[in-house]
Amino acid sequence: MVTYNRMVVGELEDAEVDRLFHALADGTRRDILHRCIDGEPSVSRLAGLYPMSFAAVQKHVAVLERAGLVAKRRQGREQLVHTDADAVARARGILDELEVAWRGRVERMSELLP
Amino acid sequence: MSVVSVEKDYEGLSIELVAEFDAPVEAVWQLWADPRKLERWWGPPTWPATVLDHELTVGGAVSYSMTGPDGQTSRGWWRVTAVEPPRALEFTDGYADLDGTPLAQSPTTDVTVRLSEQDGRTRMRLRFAFESGDHMQRVEQLGAFDVFPQSVAQMDAVLATDPDQEVP
């Protein structure tokens, strides 16, 4: 795997950023994340919400988990999913950093104009 | 001046930014259309950019290289999806590895630029959104393309100066 650097996100490791972006760049996963902010649904309850297989939903949860956005805990036969507030804040931070990067770009564009 | 408004959609992972410049639309367009001008604002002072390819046609590729404060190299590409000088530009922006191959596992951003002029001033509307869906699929849809015609010798030189780079 080639590692590379990204100028918009200074504080996070590239691999961590990749996992976060990858996890968030999908509508279903964003929806799952949203539901796990408000409550702590089980994987099987989540699976009932989307027109896809249980395995597919489980995969989405696994991607979110690898990105550190959610964590699972076992309760009886169920696996409950909850968000990691810090990770969600970091993900938001990425968008904030992108904003800062583009504000910088606009400033430099302005300086180049006659 | 410059940035008029910024709206962020944390759920949809998108940002809309409006800026105003005290310059005619053609001058602002040239900041995008002239690679020598583009490279003067694309990278921050700590990450200066060099634009390598610059083909502003639908399906065309723009490629750039950026050098960080410790000598690290970051490579990126655009795939142009719409262009209408001097008012509209749309492209997908993504990261590439050292030989210019788009990174399948890396996020891409869809950028939409709209320019309009009124009374000699130009308003620039920018929207950038992280793509949804599978990255690998996305890159495949964009098509395999080599945006960095670069020799092995050059790659070796880059690798030699960058201890952070790991190659499989």
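Residues numbered from 1 in each chain as written. Chains lettered and ligands numbered in written order. Predicted model: local features only at pLDDT ≥ 70, side-chain atom pairs only at ≥ 80, totals over all residues.

## Overview of the overall build of chain A
Okay, so step 1: Secondary structure assignment for chain A yields five helices and two strands.
Okay, so step 2: Secondary structure elements of chain A, listed N to C terminal, follow the sequence α-α-α-α-β-β-α.
Okay, so step 3: Counting the 114 residues in chain A, one finds 32% classified as buried.
Okay, so step 4: Restricting to contacts in chain A with at least 6 residues of sequence separation, those with at least 24 account for 52%. (Helix = DSSP H or I, 4+ residues; strand = E, 2+ residues; numbered from the N terminus. Buried ≥ 20, exposed ≤ 12 C-beta atoms within 10 Å, placed from the backbone. Contact = placed C-beta atoms within 7 Å.)

## So, the overall build of chain B
Okay, so step 1: Looking only at helices and strands, one finds four helices and eight strands in chain B.
Okay, so step 2: When the helices and strands of chain B are placed in sequence order, the string is β-β-α-α-β-β-β-β-β-β-α-α.
Okay, so step 3: Burial status across chain B gives 32% buried among its 168 residues.
Okay, so step 4: In chain B, 42% of the contacts between residues at least 6 apart in sequence involve partners at least 24 apart.

## Some remarks on helix α4 (residues 54-66) of chain A
Okay, so step 1: With 13 residues, α4(A) should reach 18 Å at 1.5 Å per residue; the first-to-last C-alpha distance of 18 Å fits that figure.
Okay, so step 2: A positive phi of about 75 degrees marks A:Gly68, the residue just after α4(A). (Expected span 1.5 Å × (residues − 1).)

## Notes on the sheet that holds strand β6 (residues 88-96) of chain B
Residues and elements named next belong to chain B.
Okay, so step 1: Read across the open sheet, the eight strands follow the order β1-β2-β8-β7-β6-β5-β4-β3; overall the sheet is antiparallel. Each edge of the open sheet is held by one strand with a lone partner, namely β1 (2-9) and β3 (49-54). Across this sheet, the average inter-strand angle for adjacent strands is 20 degrees, counted without regard to direction.
Okay, so step 2: Where β3 lies against strand β4 (residues 61-67), five bridges are found, and the strand directions are antiparallel. Opposite Thr50, over in β4, you have Ser65 as the bridge partner.
Okay, so step 3: Each of β2 (14-21), β6, β7 (109-118) and β8 (121-130) touches helix α1 (residues 25-33); the most contacted strand, β7, lies at about 160 degrees to it. (Pairing = 2+ DSSP bridges. Axes fitted to C-alpha atoms, helices over the stretch in contact; angles between N-to-C directions.)

## Here we look at the pairing of β8(B)
Residues and elements named next belong to chain B.
Okay, so step 1: Residue alternation in β8 divides its side chains into a buried set, Thr122, Met124, Leu126, Phe128 and Phe130, and an unburied set, Arg121, Arg123, Arg125, Arg127 and Ala129.
Okay, so step 2: In the sheet, β2 pairs with β8 via eight bridges, with the strands oriented antiparallel. Pairing of Leu17 across the sheet is with Leu126, part of β8.
Okay, so step 3: Of the pairings in the sheet, the one linking β7 to β8 comprises ten bridges and is antiparallel in character. Among the inter-strand pairings, Val111 is bridged to a residue of β8, identified as Phe128.
Okay, so step 4: Taken together, β7 and the strand that follows it, β8, pair antiparallel across an intervening segment of two residues, in which Asp119 is found at a positive phi of about 50 degrees.

## Focus on the confidence of the model for chain B
Residues and elements named next belong to chain B.
Okay, so step 1: For chain B, the mean per-residue pLDDT works out to 78, and 74% of the residues sit at or above 70.
Okay, so step 2: Ranking the helices and strands of chain B by mean pLDDT puts α1 first, with 95, and helix α4 (residues 152-161) last, with 39.
Okay, so step 3: Overall fold confidence (pTM) sits at 0.67, and the ipTM for the predicted complex is 0.76. (pLDDT = per-residue confidence, 0-100.)

## Focus on the environment of A:Gln75
Residues and elements named next belong to chain A.
Okay, so step 1: Secondary-structure assignment places Gln75 in strand β1 (residues 70-75).
Okay, so step 2: Judged by C-beta crowding, with 10 C-beta atoms within 10 Å, Gln75 ranks as exposed.
Okay, so step 3: Separated by 33 residues in sequence, Gln75 and Ser42 place their C-alpha atoms 9.1 Å apart.

## Some details on the nonpolar core
In summary, soluble globular proteins display a tendency toward joint burial of nonpolar side chains.
Okay, so step 1: The biggest cluster of nonpolar side chains holds 51 residues, and the ones touching the most others in it are A:Leu24, A:Val61, A:Leu64, A:Leu69, A:Val70 and B:Val28.
Okay, so step 2: Looking at which element gives the most residues to this core, the answer is helix α5 (residues 85-112) of chain A, with six residues. (Core = buried A, V, L, I, M, F, W, Y, C linked by C-beta atoms within 7 Å.)

## Some points on the packing of helix α2 (residues 27-38) of chain A against α4(A)
All names here are of chain A.
Okay, so step 1: Where α2 contacts α4, the two axes come as close as 10 Å, and the packing angle between them is 75 degrees. With respect to α4, the axis of α2 lies roughly perpendicular. Contacts between α2 and α4 involve Thr28, Arg29, Ile32 and Leu33 from the first element and His60, Val61, Val63 and Leu64 from the second.
Okay, so step 2: Across the contact of α2 with α4, the residue classes tally to five nonpolar, two polar and one charged. (Parallel < 35°, antiparallel > 145°, perpendicular 65-115°, else oblique. Nonpolar A, V, L, I, M, F, W, Y, C, P; charged D, E, K, R; others polar.)

## With respect to the environment of B:Leu115
Residue and element names in this part refer to chain B.
Okay, so step 1: Position of Leu115 among the secondary structure elements: in strand β7.
Okay, so step 2: Looking at Leu115, the number of C-beta atoms within 10 Å reads 23, which means it is buried.
Okay, so step 3: For Leu115 and Val18, which are 97 residues apart along the polypeptide, the C-alpha to C-alpha distance reads 9.9 Å.
Okay, so step 4: Excluding residues within four positions of it along the chain, Leu115 makes contact with Val25, Val28, Trp29, Pro86, Arg87, Thr122 and Met124.

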